[in-house]
Amino acid sequence: MKTIIAAYSGVLRGTGANFLSAIQDLPSVPWPLKSKVEKQLQIISVMQWVLSFLVMGAVCTVGLLYLFFTDCWLIAALYIAWLVFDWNTPRQGGRRSSWVRNWTVWKYFRDYFPIRLIKTHTLLPSRNYIFGYHPHGIFCFGAFCNFGTEATGFSKKFPGICPHLATLAGNFRLPLLRDYLMSGGICPVNRNSMDYLLSHNGTGNAVVIVVGGAAESLECIPGKHSVTLKNRKGFVKLALQQG
């Protein structure tokens, strides 16, 4: 700032100093590189999903209880009424949102790892399918990105097929988290939900089951593939029953 003032004073005094040259002498501001900005956005996109999955349900539950003891108790009462009315929706196909599935944040989420969806076979929309997914990992990042969002272009690669990633039913008992999960087409991994999607919801449905479940979540060793299948063959029976 002193350089600019000195140059400006020189012009007034007739010294011929150039105001523009003084500006050029100022130290340049180091703008962050585009690659660094994108990397930070990728980290933020992953963290928002991790934090949402871990704490959104608990925080919203506590917040809902707190509202009952404030002047905003009516908001909490209305949501509880809606929750009771909407209780069975997760088991009946859920309430997916194409808008949420196409959020730009999921593209940054995809590029952080990165995650890809490779098509090796054409799926007919006139049939229903059960996908077995492996490995589980800590948070099922690959399954969520491929089947819970459109970041890898599932609908374009498999037109007419509607994926439903199955997760623990307990997640759908938590306020707001249940709606967030359903917006991505995620459903409870229980028999009633599977039966509805495969036999009462038309065709073109693909239920994605992480066959190892939570028991496999800690088997995350680089270079080693461990599949947990003991006493986990119910999805095979379900596929045979549904044809």
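Just so it is clear, the structure is predicted and the values come from calculations on it, not from any experiment.

### Some details on the pairing of strand β4 (residues 205-210)
Of all six residues making up β4, six are buried, and the element is well covered by its neighbours. In this structure, strand β1 (residues 129-133) lies alongside β4, joined through five bridges in parallel fashion. Residue pairing in the sheet places G132 in a bridge with I209 of β4.

### What to know about a nonpolar patch on the surface
A surface patch of nonpolar side chains, about 670 Å² in accessible area, is lined by I43, M47, L51, L54, V55, V59, Y112 and F113. By residue number, the principal contributor to the nonpolar patch is helix α3 (residues 34-67), which donates six residues. Among the structural elements, I43 can be located in helix α3. For I43, a relative accessible area of 34% translates into the label partly exposed.

### Looking at the packing of aromatic side chains
Given two aromatic rings, one states the distance between the centres and the angle between the planes to describe the pair. Counted under the stated rule, the structure contains 21 aromatic pairs. Each member of the aromatic cluster is reached from another via a ring pair, and the members are W49, F53, W99, W103, W106, F109, Y112, F113, F139, F141, F144 and Y180. Over the ring of F158 we find K119, and its NZ or CZ is 5.3 Å from the ring centre.

Calculation criteria
- Residues numbered from 1 in each chain as written.
- Predicted model: local features only at pLDDT ≥ 70, side-chain atom pairs only at ≥ 80, totals over all residues.
- Heavy atoms only, no water.
- Buried < 20%, exposed > 50% of the residue type's maximum accessible area, 1.4 Å probe, protein only.
- Helix = DSSP H or I, 4+ residues; strand = E, 2+ residues; numbered from the N terminus.
- Pairing = 2+ DSSP bridges.
- Patch = residues over 30% accessible without salt bridge, like charges linked within 9 Å, V, L, I, M, F, W, Y side chains within 5 Å.
- Areas by Shrake-Rupley, 256 points an atom, 1.4 Å probe, with all protein chains shown as cover.
- Salt bridge = Lys/Arg side-chain N within 4 Å of Asp/Glu carboxyl O.
- Phe/Tyr/Trp six-rings, centres within 6.5 Å; stacked < 30°, edge-to-face > 60°.
- Lys NZ or Arg CZ within 6 Å of the ring centre and 35° of its normal.

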